[in-house]
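# Breakdown of the fold
What follows is the residue order along each chain.
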Amino acid sequence: MEWSTFLWTTLGAFLTLCTFSFLYKDNPFYKFAEHLVVGVSAGYFALVLWHQILIPNLFERLNDGDWYLLWINSSRFWYLIPAALGVMMWTRFSRKRSWISRWPIALYMGIAAGMAVPREMQARVIEQLWSAMRGIINWGNFFSLDATAGIASVIIFLGTLAALFYFFFSKEHTGPFKIVSNFGIWILMIGFGASFGYTVMGRISLFVQRIQVLNDWTIIAWEPGKGGFKLFWFLVFGVFIIWAVFEIVSFFNRRGKVPEA
Amino acid sequence: MNIFDRMMSLDRRWVFLSLAIVCVVTYLWDFSVPITISNEVKSIYDRFDSLQEGDMIYMSVDYDPNALAELHPTTYALAEMCFRKKVKIIFGTLSNLGQGMVDQVIRDIADSVSHDATYNGVFYKGREIVNGVDYVFLGYKPYPAMVIQAMGLDFRVPFPTDFYGTILDSIPIMKGTKNFDQCKMVIDMAAGNVAEMWITYGHGNYGVPLALAVTGVMGADMYPYLGSGQIFGLAAGLLGSAQIEKLCNNPGRAMDGMRIQLFAHILIIFFIVMGNVGFLATRNRNKMR
C-alpha cells in the first residue's frame with residue numbers, strides 16, 4: 001500500500017466521522033468538513049469550467065486569431081458572440097448596468113423554453129397519457145390467460161383520474177365525488193409511500209458505503225510499517241474521540257432537562 | 001410520564017445511535033441475503049448480454065460523489081461486462097463533479113480487466129484496455145438538455161476534444177462515429193433531473209434505446225417511463241445495483257451492502273410502528289380526558 005493511499009483514505013475516514021458528528025449536534029469538526037466540501041467543490045468546478053469548456057469550446061476555436069485584436073480576425077469570429085453574451089452576464093455585479101445581463105438571460109430563456117415546451121409536452125404529458133390509456137384499450141390484456149395486466153391497467157387508469165380529481169376544486173367533494181376524491185388520496189399516499197421507501201433505502205445506502213470506507217481504512221491503518229503518519233492520524237482521531245466522550249458525558253449530566261433543538 | 005409519552009418524546013439521537021449500531025454490527029457479521037431479480041433490471045442485463053464484440057454503447061455517468069454509493073456498483077459491473085465482451089464505450093458526464101467518477105471507474109476497471117476472470121461460466125482472458133480503442137471519455141459540459149441535443153447531431157459539436165484534450169477525429173473509435181445512431185444503446189447512471197432530460201431529449205428527439213440506473217430517491221418517479229416504453233430498463237438505488245452485480249456474476253459493494261439494508265429497514269419499520277403506537281395511544285388518552 002502506498003503512502004498516498006493511506007493518507008487519503010485516512011483523511012476520508014476522518015472527514016466521514018466529522019460529518020456524522022452533526023447527527024449529535026453542530027460542532028467545529030462538522031463545520032470544518034462542511035466548509036472544506038463547499039470550498040473544494042467550488043474550486044474544482046471553476047477549474048473544470050476553464051479547462052473543459054472555455055479552452056476547448058472558445059479559445060481553441062478562436063486560436064487562429066490574435067488575442068491583442070480580441071480574436072476579431074479569427075476565421076471563426078462568430079464564437080465571439082456567445083463570449084460577449086457571457087461577459088454581459090457579469091454586469092449583474094453593477095447596480096447601474098445590471099440591466100445589460102437581461103439580454104443574455106432573455107436569449108437563454110427563450111431558447112430553453114422553445115426547446116423544452118414541445119419536447120416536454122410530448123415526453124412527459126402525451127406519452128404518459130397514452131401509456132395510462134393504452135392498457136385498457138388493448139382488450140387482449142383482459143382475455144389472456146394472465147389477466148393481471150388488464151387489472152393493473154384499470155387500476156392505473158382509474159387511479160390517475162381519481163388523483164387528478166382530488167385537485168379539482170370547482171366541484172364540492174361530497175357524495176359520490178367524495179368517494180372518488182378519497183380513492184385519489186389513497187392513490188397519492190401509495191405513491192408517496194413508495195417514494196419514501198425508496199428515499200429511506202437511498203439514505204441507508206449512503207451510510208452503508210461510509211461503513212465500507214471506514215472498514216477499508218481500518219484495514220489500511222492497521223497494516224504494519226506506517227510509522228509517523230499512523231501516529232499523527234491516530235492523534236487526530238484521539239482528539240475527535242475525546243471530544244465525543246466529553247459530549248456524551250455532558251449529555252448524561254443534562255438528562256432530565258429539555259434536549260437541545 | 002408513561003411508556004407512550006416516552007415513545008413520543010424520544011430524542012432523535014437515540015434513533016441515529018440505534019441505526020449506527022445495527023448497521024455496524026450487521027456489517028461485521030458475515031452472511032448474505034437472497035437478492036430477487038426484477039424484470040426491469042433483467043431487461044438491462046439482457047440487452048447488455050446481447051451485445052457483440054465491436055458494438056458500441058454510450059454510458060452517461062451523471063452523478064457526483066454524493067450518489068457514488070448507489071450508482072458506482074452499477075457503473076463498475078456494466079463497464080467491466082462491456083470491456084470483457086470487447087464492447088466499445090463512449091463515456092460522458094453531464095454532472096459537474098462526474099469527471100472524477102468516470103476517471104476512477106476507467107482506472108479501476110482497466111486494472112480488473114487486466115486479470116483473467118470467469119463470469120457466468122464464460123472465461124475471459126485478461127487484456128489491456130486502451131484509451132481511444134476500447135473507450136473514449138468525452139468529459140463534461142454544462143446544460144444537459146443542450147448537450148444531449150447537440151450530441152444527437154454530432155458528438156463533435158459539444159465535445160471538440162475528449163477529456164484528455166485529444167481531438168475527437170484523431171481517436172480511432174470515433175472514426176465513423178457521428179452520433180447516437182452508431183450506439184446500440186444509451187445507459188444513464190443519474191442522480192438528478194438529467195435522467196428526465198435523457199428521456200425528453202435523448203429518447204424523445206432521437207429515439208435512442210435508453211436505460212436508467214438512478215438513485216433510490218428517484219426510483220418511484222421513473223417507473224411511469226418504464227410503463228410507457230420510453231426506457232427499456234430501470235435499476236433503482238442500491239437494490240438495483242445489487243441485482244446488476246448478481247446478474248453479471250460480479251459481486252461488489254452493492255451485494256455486500258444488502259444485508260445491512262435489510263436490518264436497517266427492519267429497525268426503521270420498528271421505529272415507525274413504535275411512533276404510531278405512541279401517537280395513537282396518547283391521542284386516545286387525550287380524547288378520553
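Scroll up to find the structure this text is about.
Now for a quick tour of the structure. (Residues numbered from 1 in each chain as written. Chains lettered and ligands numbered in written order. Predicted model: local features only at pLDDT ≥ 70, side-chain atom pairs only at ≥ 80, totals over all residues.)

Right, let's get into the packing of helix H1 (residues 3-20) of chain A against helix H7 (residues 176-221) of chain A. Residues and elements named next belong to chain A. Here H1 crosses H7 at 135 degrees, and the two axes come no closer than 9 Å. In terms of their interaxial angle, H1 and H7 are classed as oblique. Seen along the crossing, H1 lies across H7 with a hand that is left-handed. Contacts between H1 and H7 involve Thr5, Phe6, Thr9, Thr10, Gly12, Ala13 and Thr16 from the former and Arg210, Val213, Leu214, Asp216, Trp217, Ile220 and Ala221 from the latter. Along the lines of polarity and charge, the residues of the contact of H1 with H7 split into 7 nonpolar, 5 polar and 2 charged. (Axes fitted to C-alpha atoms, helices over the stretch in contact; angles between N-to-C directions. Helix = DSSP H or I, 4+ residues; strand = E, 2+ residues; numbered from the N terminus. Parallel < 35°, antiparallel > 145°, perpendicular 65-115°, else oblique. Left-handed = near helix turned anticlockwise from the far one by under 90°. Contact = placed C-beta atoms within 7 Å. Nonpolar A, V, L, I, M, F, W, Y, C, P; charged D, E, K, R; others polar.)

Residue and element names in this part refer to chain B. Pairing is parallel in the open sheet, where 6 strands are placed in the order E5-E2-E1-E6-E7-E8. Looking at strand neighbours, the two that pair on one side only are strand E5 (135-140) and strand E8 (233-236), the edges of this open sheet. In this sheet, adjacent strand axes meet at a mean angle of 15 degrees when their direction is disregarded. Judged from the 5 bridges that link them, strand E1 (residues 56-62) and strand E2 (residues 88-93) form a sheet pairing that is parallel. Bridging across to E2, Met59 finds its partner in Phe91. Across the sheet, helix H4 (residues 68-84) lies against E1, E2, strand E6 (186-190), strand E7 (210-214) and E8, angled at about 155 degrees from E6, the strand it touches most. (Pairing = 2+ DSSP bridges.)

Facing the 45 residues of chain B at the interface are 39 residues of chain A. Counting only elements with at least two residues in the side of chain B that touches chain A, the list comes to helix H2 (12-28), H4, E5, helix H6 (144-153), helix H7 (194-206), helix H8 (216-227), helix H9 (237-247) and helix H10 (253-288) of chain B. Counted by class, the side of chain B that touches chain A contains 22 nonpolar, 17 polar and 6 charged residues.

This next bit is on H8 of chain B. Along H8 of chain B, the residues classified as buried are Gly216, Val217, Met218, Gly219, Met222 and Tyr225 of chain B. Relative to the axis of H8 of chain B, the buried residues are bounded by an arc of 145 degrees and lie together on one face. The secondary structure elements touched by the buried residues of H8 of chain B are H7 of chain A together with H4, H7, E7, E8 and H9 of chain B. Positioned one or two residues after H8 of chain B, Gly229 of chain B has a phi angle of 80 degrees, which is positive. (Buried ≥ 20, exposed ≤ 12 C-beta atoms within 10 Å, placed from the backbone. Arc of directions from axis to C-beta.)

Don't take any of this as a statement about function, it's just geometry.
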